[in-house]
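Examining the three-dimensional arrangement
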Amino acid sequence: MHADNWAHKAKLMGYRSRAVFKLEEILSKFKPNKITTILDLGSAPGGWSQFIIKKYPKSQVFAIDTLDMDSIKGIKFFKENIENINDIEDIVKLKGKFDLVISDIAPNLTGISAIDCENIFDLNNLTINAAINFLEANGSFIMKTFQNNNLKSLRKDMELSFNIVQTYKPAASKKKSGEIYLCGVK
Ligand SMILES: C[S@@+](CC[C@H](N)C(=O)[O-])C[C@H]1O[C@@H](n2cnc3c(N)ncnc32)[C@H](O)[C@@H]1O
């Protein structure tokens, strides 16, 4: 399906972004052990949070983004940079208790490939560290990254702390974007 059609489908279903279909497909293949306490990193405009709370209405979802996000019933949102996650008291209280960390974080691209690759790599490493610190044992982790020269080393970094590390390129992800998702179990 073309990207515009995914966007249209999302709109018809009341979702804020077509990114929901990426998460839906990943979850159907990489099945987390539990989906009850979720950390959604890079959550705005809120498609993934909407999807989680709709499918798992009893879950607790904490969402972070540097941008504002319109409120969603059942979601605790914090306008914050992931760098400062340890300053968010409500989230810090649940350290080691999240069973799913999802990250769709993507940096603003400069168009200069070397700089963009470094920015993505740094953000992904911050995200991996957050997942290690906040997930419980056996918790699941899903993270957006990009196909570039750092992908192999990123995957190796993940394999040091996570089992069953896999990559997914969901159908709703634009082919030319280079975006890909790494998943693992702590
Ligand atoms: C592709 S969008 C996420 C879409 C979202 N998953 C959805 O379903 O609507 C990526 C988000 O990452 C956020 N982001 C980028 N850098 C960030 C950072 N350092 N800390 C927190 N969020 C960040 C951006 O502001 C942007 O909203």
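Residues numbered from 1 in each chain as written. Predicted model: local features only at pLDDT ≥ 70, side-chain atom pairs only at ≥ 80, totals over all residues. Heavy atoms only, no water.

Here strand β2 (residues 60-65) lies mainly inside the structure; five of its six residues are buried. Note: strand β1 (residues 37-41) against β2, five bridges, orientation parallel. Each residue of the ladder has a partner; that of Leu39, found in β2, is Phe62. In this view, the connection linking β1 to its parallel neighbour β2 by way of helix α3 (residues 47-55) has right-handed handedness. In the sheet, β2 pairs with strand β3 (residues 75-79) via five bridges, with the strands oriented parallel. (Buried < 20%, exposed > 50% of the residue type's maximum accessible area, 1.4 Å probe, protein only. Helix = DSSP H or I, 4+ residues; strand = E, 2+ residues; numbered from the N terminus. Pairing = 2+ DSSP bridges. Right-handed = clockwise from strand over helix to strand, strands pointing away.)

With that out of the way, let us pick up the UniProt feature "domain: Ribosomal RNA methyltransferase FtsJ" (unreviewed entry) in the protein. Within this numbering scheme, the UniProt entry marks residues 15-184 as carrying the feature "domain: Ribosomal RNA methyltransferase FtsJ" (unreviewed entry). Across residues 15-184, the secondary structure splits into 34% helix and 27% strand, with the terminal C-alpha atoms separated by 26 Å. (UniProt positions renumbered as here; feature names shortened; annotations may be inferred.)

Neighbouring the ligand are 19 residues; Gly47, Trp48, Asp65, Asn81 and Asp104 lie closest to it. The contact in question runs from an oxygen atom of the ligand to an N or O atom on the backbone of Pro45, over 3.4 Å. Considering the ligand on its own, with 600 Å² of exposed area, one finds that the protein chains cover 85% of that surface. Tallied by class, residues from the shell around the ligand come to nine nonpolar, seven polar and three charged. (Near = heavy atom within 4 Å. Polar contact = N/O pair within 3.5 Å; in protein donor to acceptor, adjacent residues only side chain to side chain. Areas by Shrake-Rupley, 256 points an atom, 1.4 Å probe, with all protein chains shown as cover. Nonpolar A, V, L, I, M, F, W, Y, C, P; charged D, E, K, R; others polar.)

Attention now moves to the packing of helix α5 (residues 113-134) against helix α6 (residues 151-161). Each pair of packed helices can be summarised by the angle the axes make with each other and by the distance between the axes. The contact between α5 and α6 brings their axes to 11 Å, and the two run at 10°. Compared by their axis directions, α5 and α6 come out roughly parallel. Counting all contacts with α5, which are made through Phe121, Asn124, Asn125, Ile128 and Ile132, the residues of α6 involved are Ser153, Leu154, Asp157, Met158 and Ser161. When its residues are assigned to classes, the contact of α5 with α6 shows five nonpolar, four polar and one charged. (Axes fitted to C-alpha atoms, helices over the stretch in contact; angles between N-to-C directions. Parallel < 35°, antiparallel > 145°, perpendicular 65-115°, else oblique. Contact = heavy atoms within 4.5 Å.)

So, about the environment of Leu151. Following the sequence through the fold, Leu151 ends up in helix α6. Note: C-alpha distance between Leu151 and Ile180 (29 residues apart in sequence) is 9.6 Å. In this structure Leu151 touches Thr145, Phe146, Ile180 and Leu182, once residues within four positions along its chain are discounted.

Let's shift gears to the packing of helix α2 (residues 19-29) against α3. Closest axis-to-axis distance for the α2/α3 pair is 8 Å, and the angle between their directions is 50°. The orientation of α2 relative to α3 falls into the category oblique. When the axes of α2 and α3 are compared, the crossing they make is right-handed. Every residue of α3 that contacts α2 at Ala19, Val20, Leu23, Glu24 and Leu27 is listed here: Gly47, Trp48, Phe51, Ile52 and Lys55. (Left-handed = near helix turned anticlockwise from the far one by under 90°.)

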